[in-house]
Amino acid sequence: MDILRQFLAGPVTIGVAGMPWWGEVSPDGTIAVSDDDRTLGFHVAAEDRWHHGAIEPGVRQMRREGVPVVETRMRVPSGDIVQTTFATAHRGGMIIIDFYNDSALPVAIGIDRGDVLVESSAAIGAVAGADLGPDAFSISLGHHTNTRIALVATDAVPDDTWFEGVPAADAVISGWRSIVDRAGRMELPPGVSGSSMSDAVMAARCSWLLGDLADPEHDPVSALIEWDELCRMGERPEPLVDDVARAVELVARRQLPGAEMALQAAERILTQANEDRGASDVRSIIARLTDRSDTRNDSLATAVRTFEERLVAPRGSMTEILSGGMPSDWSLQPIEIFHLPASTAASVSYAVRWHGLRPAIVWEVEGGDVTLCSPSLDANWSSSELKGETLLAHTAEPAES
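Residues numbered from 1 in each chain as written. Predicted model: local features only at pLDDT ≥ 70, side-chain atom pairs only at ≥ 80, totals over all residues. Heavy atoms only, no water.

Novice: Sorry, what's going on with the packing of helix α4 (residues 220–232) against helix α6 (residues 259–272) here?
Specialist: The description of two packed helices rests on the angle between their axes and on the distance between the axes. Relative to each other, α4 and α6 sit at 40 degrees, their axes nearing to 8 Å. With respect to each other, α4 and α6 are oriented oblique. In this structure, α4 meets α6 at a crossing whose hand is left-handed. Touching Val 221, Leu 224, Ile 225, Trp 227, Asp 228 and Cys 231 of α4 are Met 261, Ala 262, Ala 265, Ala 266, Arg 268, Ile 269 and Gln 272, all from α6. (Axes fitted to C-alpha atoms, helices over the stretch in contact; angles between N-to-C directions. Helix = DSSP H or I, 4+ residues; strand = E, 2+ residues; numbered from the N terminus. Parallel < 35°, antiparallel > 145°, perpendicular 65-115°, else oblique. Left-handed = near helix turned anticlockwise from the far one by under 90°. Contact = heavy atoms within 4.5 Å.)

Laid out in structure tokens, this is it:
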């Protein structure tokens, strides 16, 4: 899953789905905007000196819950200065940059371009001790207080009311999650194989919602998987039918690695679009595949789908739960999965809880009939019930004392 980890560590595109205006936040907190060749840096005057994100070693960054809300922390002698960046459709498009002083002493935030909108002008001052450019200014920020600035997408002249109604970062996160979770929510144990991977899946889905999609002529496998994810998040499948048919033709003719998972994605899209004949044709193509080893993991889309299939994997007439087994760092920890594809039309949700060293699974199937199994955890268990619970045979290693 290296490609998922690399994606999570790279620059973050922030924007609003359906809007062409967007920005990008680099790992050092520098912000670039799509229609502008200038950037906005992360600069802080602390009690010792000026700190610049582009060269400071004490800068850390994370996507909040995997969505395009970016938290960048800069270490200063008495704590951290936190920059939170996100986009909103408010007033035709705004990139909000919120600064919070999580340190014991006041600081000044250096703003290196003059066309930003400032929520509170009372603390604005000159820049002393650093060359941030001719338009630069500073904003005083007391300890444990915050201030906000914005870059705007419109040519209109901003006034003091522009920040009225701007959502907070938590509201933006909730908005993204309400869309992205439709494709399947994963509550996994903390760590690089669990919650970090679910955050990477979230981040990939958000990037597809923002339009960062594969070229279907060049990479039809990724295109089909991405379109399926978009449809699972609520996009209408009907406008995609012709493109799906073309991508299926390319995948089948070239016998591309990852063909089976891509064709299964195509079948789901066509079924959702009520294209029953097309879905039947795709099933026939899947049955004729000569290479069914879906081991490709060299694109973001196939990495996302591979990870999803570790949790819920349609396998012919059966649907496997935790097909890759129980990772050692997940043992004895709760797992919750919601609405991942179990077949062409059905989805499954399940939770794993532990009874001593053995896992118990509670499940619910929606949208169709499937037979669940988990050969890696209990070779003798399977069920065609829509709801149920059972204690599996797998036994975890006891924790070292």
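Okay, back to it.
Novice: For this particular structure, what's the right way to read the sheet that holds strand β6 (residues 50–52)?
Specialist: Backbone-to-backbone hydrogen bonds pair the strands of a sheet. The strands run either parallel or antiparallel. With antiparallel pairing, the five strands of this open sheet are ordered in space as β6-β5-β11-β14-β13. Each edge of the open sheet is held by one strand with a lone partner, namely β6 and β13 (124–125). Where strand β11 (residues 107–111) and strand β14 (residues 137–141) come together, five bridges link them in antiparallel fashion. Residue Gly 110 lies in a different strand from β14, and its bridge partner there is Ser 138. (Pairing = 2+ DSSP bridges.)

Novice: When you look at helix α8 (residues 300–311) in this model, what are you seeing that I'm missing?
Specialist: Counting along an α-helix, one turn takes 3.6 residues, and residues three or four places apart therefore face a common direction. Taking 1.5 Å as the rise per residue, α8 with 12 residues should run 16 Å; its terminal C-alpha atoms sit 17 Å apart, in good agreement. Counting buried residues in α8 gives 10 out of 12 residues, a clear majority hidden from the surface. (Expected span 1.5 Å × (residues − 1). Buried < 20%, exposed > 50% of the residue type's maximum accessible area, 1.4 Å probe, protein only.)

Novice: What exactly am I supposed to notice about the packing of aromatic side chains here?
Specialist: For any pair of aromatic rings, geometry is given as the distance between the ring centres together with the angle between the planes. Under the criterion given, the structure shown has two aromatic pairs. Ring centres of Phe 42 and Phe 99 lie 6.0 Å apart, and the angle between their planes is 40 degrees; on these two criteria the pair is classed as tilted. Placement of the pair is Phe 42 in the loop between β4 (39–40) and β5 (43–45) and Phe 99 in strand β10 (residues 94–103), with a sequence separation of 57 residues. Ring plane angle 65 degrees and centroid distance 5.3 Å describe the contact between Trp 363 and Trp 381, whose orientation is recorded as edge-to-face. Placement of the pair is Trp 363 in strand β21 (residues 358–366) and Trp 381 in strand β23 (residues 378–383), with a sequence separation of 18 residues. Taken as a pair, Trp 363 and Trp 381 share a single burial class, namely buried. If you follow Arg 63 out to its NZ or CZ, it ends over the ring of Phe 7, 5.0 Å from the centre. Over the ring of Phe 338 we find Arg 185; its NZ or CZ atom is 3.9 Å from the centre of that ring. (Phe/Tyr/Trp six-rings, centres within 6.5 Å; stacked < 30°, edge-to-face > 60°. Lys NZ or Arg CZ within 6 Å of the ring centre and 35° of its normal.)

Novice: So what exactly am I meant to see when it comes to the state of the cysteines here?
Specialist: By definition, a disulfide links two cysteine residues through a covalent bond between their sulfur atoms. Tallied over the entire structure, the rule returns zero disulfides. Of all cysteine sulfurs in the structure, the one in Cys 206 sits closest to Cys 231, which takes part in no disulfide; the separation is 17 Å. Taking the relative accessible area as the measure of exposure, Cys 231 reaches 4% and is therefore buried. (Disulfide = S-S within 2.5 Å.)

Novice: What exactly am I supposed to notice about the side chain of Glu 71 here?
Specialist: Tracing the sequence through the fold places Glu 71 in strand β8 (residues 70–76). Taking the relative accessible area as the measure of exposure, Glu 71 reaches 14% and is therefore buried. Within the local environment of Glu 71, its side chain forms a polar contact with the side chain of Arg 73, the two groups lying 3.2 Å apart. For Glu 71, the contacting residues outside a window of four places in its chain are Arg 60, Gln 61, Met 62, Arg 64, Val 82, Gln 83 and Thr 84. (Polar contact = N/O pair within 3.5 Å; in protein donor to acceptor, adjacent residues only side chain to side chain.)

Novice: What should I look at first to understand the sheet that holds strand β17 (residues 312–315) in this one?
Specialist: Ordered in space as β17-β18-β22-β23, the four strands form an open sheet in which the pairing is mixed. Either end of the sheet is taken by a strand with one partner, and the two such strands are β17 and β23. With strand direction ignored, the average angle separating the axes of adjacent strands in the sheet is 25 degrees. With three bridges joining them, strand β18 (residues 318–321) and strand β22 (residues 371–374) adopt parallel strand pairing. The residue bridging Glu 320 from the neighbouring strand is Cys 373, located in β22.

Novice: Can you help me understand the pattern of salt bridges in this one?
Specialist: Close approach of charged atoms allows side chains with opposite charge to pair. Considering all chains together, one arrives at 34 salt bridges under this definition. A salt bridge links Arg 236 to Glu 238, with the shortest nitrogen-to-oxygen separation between them at 3.7 Å. Of the residues examined, Arg 236 reaches a relative accessible area of 56% and is grouped as exposed. Here Glu 249 and Arg 253 are joined by a salt bridge, their closest N and O atoms 3.2 Å apart. Here Glu 249 and its partner Arg 253 are both found in helix α5 (residues 241–254), four residues apart, which amounts to about one turn of the helix. Judged by its relative accessible area of 40%, Glu 249 falls in the partly exposed class. With a relative accessible area of 51%, Arg 253 lands in the exposed category. What emerges from the salt-bridge pattern is a single network uniting Arg 205, Asp 228, Glu 229, Arg 232, Arg 268, Arg 305, Glu 308, Glu 309 and Arg 315. (Salt bridge = Lys/Arg side-chain N within 4 Å of Asp/Glu carboxyl O.)

Novice: What am I meant to see in the side chain of Gln 83 here?
Specialist: As for its placement among the helices and strands, Gln 83 is situated in strand β9 (residues 79–88). Take Gln 83: its relative accessible area is 1%, and that puts it in the buried class. A polar atom in the side chain of Gln 83 sits 3.0 Å from the backbone oxygen of Gly 29. Ignoring any residue separated from it by four or fewer positions in sequence, one finds Gln 83 in contact with Gly 29, Ile 31, Phe 42, Val 70, Glu 71, Thr 72, Ile 97, Asp 98 and Phe 99.

Novice: For this particular structure, what's the right way to read the environment of Pro 239?
Specialist: You can see Pro 239 is positioned in the loop between α4 and α5. What makes Pro 239 exposed here is its relative accessible area of 53%. On a C-alpha basis, the gap between Pro 239 and Ala 273 in space is 8.9 Å, while along the polypeptide they are 34 residues apart.

Novice: What is the right way to read the packing of α4 against α8 from this model?
Specialist: Remark: α4 packs on α8, axes separated minimally by 8 Å, with the N-to-C direction vectors making an angle of 60 degrees. One element, α4, and the other, α8, form an angle in the oblique class. For the pair α4 and α8, the sense of crossing is left-handed. Contacts from Val 221, Ser 222, Ile 225, Glu 226, Glu 229 and Arg 232 in α4 reach Ala 301, Thr 302, Val 304, Arg 305 and Glu 308 in α8.

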